[in-house]
Amino acid sequence: PLKLVSRTPAAGVDPTLLAAYQAFSRGDDAAAQKQYRQVLQADVRSIDALLGMAAIALRQGRYADARGWYQKVLEIEPKNSTALSALANTQIGNDATDANSAASDFSATESRIKNLLAQQPEAASLHAALGNLYAAQNQWPLAQAAYFNASRFAPNISDYAFNLAVSLDQLGKSELALAQYQRALSLLNSAGASNLDRAQLEARIQALQH
């Protein structure tokens, strides 16, 4: 239920990059990957192409590859919140077999996000990234606090309201969760652009209302 929003290329971007994004959006990973690689051949530092390659790897369950692409993004833009948030989320599918390594990855990511939050305390995407990290570890009280901050600083983002609702739901706070699910649905209706599954969201609202 904790989905990240993919960054949409702005108008006027490289047509190859736009074609790659469109291919990714319709689920044609092979075409998207080929076009993202073409962009990277021309500009190895293209953030959107690197994020695209990471998103493909993530969708295919190649978590180690995805983390590698996101790390490349952070080498270029150390404060890129999309990459930080995604790295936090890949902890869910962490394929590391060494428990100590997984714990080390978690601590390093947590530390990096907290350091950035010290510099940008109102950065909603960073609070959301921290929430994703805690949710992946089933640390729901901490996740709920982080998602609350994300939603507080970006009250019009339906995904943040939804993630806050999920965390409240996990903590057994049904009435509060219902209010946030309803808010997420309202924001979805007004904004439209979101990765939320409307049917799933409406079904959960109905379940909590009965």
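No experiment lies behind these values; they were computed from the predicted model shown. (Residues numbered from 1 in each chain as written. Predicted model: local features only at pLDDT ≥ 70, side-chain atom pairs only at ≥ 80, totals over all residues. Heavy atoms only, no water.)

Caption draft 1: Representation of the packing of aromatic side chains. Enumeration over the complete set of coordinates arrives at one aromatic pair. It is R59 that lies over the ring of F24; its NZ or CZ is 3.9 Å from the centre. (Phe/Tyr/Trp six-rings, centres within 6.5 Å; stacked < 30°, edge-to-face > 60°. Lys NZ or Arg CZ within 6 Å of the ring centre and 35° of its normal.)

Caption draft 2: Focus on the pattern of salt bridges. Evaluation of the coordinates by the stated rule reveals four salt bridges. In this structure, R62 and D65 form a salt bridge, with 2.7 Å as the shortest nitrogen-oxygen distance. We note a salt bridge from R204 to D169, for which the minimum N-O separation is 2.8 Å. Here R204 is found in helix α11 (residues 198-209), whereas its partner D169 is found in helix α9 (residues 158-170), with 35 residues between them in sequence. (Salt bridge = Lys/Arg side-chain N within 4 Å of Asp/Glu carboxyl O. Helix = DSSP H or I, 4+ residues; strand = E, 2+ residues; numbered from the N terminus.)

Caption draft 3: The nonpolar core, seen in detail. In this structure, Y36, Y70, F162, Y181 and L201 are the most contacted members of the largest nonpolar core, which totals 59 residues. In contact with Y181, not counting residues within four places along its chain, are F162, A165, V166, D169, L201, R204, I205 and L208. Formed by five residues, the second largest nonpolar core is a distinct cluster that contains A124, A128, A150 and A154. (Core = buried A, V, L, I, M, F, W, Y, C linked by side-chain atoms within 4.5 Å. Buried < 20%, exposed > 50% of the residue type's maximum accessible area, 1.4 Å probe, protein only. Contact = heavy atoms within 4.5 Å.)

Caption draft 4: Region of interest: the packing of helix α3 (residues 47-59) against helix α4 (residues 63-76). α4 packs onto α3 with a crossing angle of 165 degrees between their chain directions and a minimal axis gap of 7 Å. In terms of axis orientation, α3 runs roughly antiparallel to α4. As α3 runs across α4, the sense of the crossing is left-handed. The residues of α4 that touch α3, namely those facing I47, L50, L51, M53, A54, A55, A57 and L58, are Y63, D65, A66, W69, Y70, K72, V73 and I76. Residues that form the contact of α3 with α4 fall into these classes: 14 nonpolar, no polar and two charged. (Axes fitted to C-alpha atoms, helices over the stretch in contact; angles between N-to-C directions. Parallel < 35°, antiparallel > 145°, perpendicular 65-115°, else oblique. Left-handed = near helix turned anticlockwise from the far one by under 90°. Nonpolar A, V, L, I, M, F, W, Y, C, P; charged D, E, K, R; others polar.)

Caption draft 5: Structural detail: the layout of surface pockets. Estimates place the volume of the second largest pocket at around 160 Å³. Every residue lining the second largest pocket is counted, 10 residues in all, and those nearest its centre are Q71, L87, D105, A108 and T109. Only α4, α5 (81-89) and α6 (99-119) provide two or more residues apiece to the lining of the second largest pocket. At four residues, the largest contribution of residues to the lining of the second largest pocket is made by α6. Here the lining of the second largest pocket is composed, by residue class, of four nonpolar, three polar and three charged. (1 Å grid on protein atoms, 1.4 Å probe; cavity = no way out; pocket = protein on both sides within 12 Å on 5 of 7 lines; lining within 4 Å. Points joined across faces, edges and corners; volume = space filled by probe spheres on them.)

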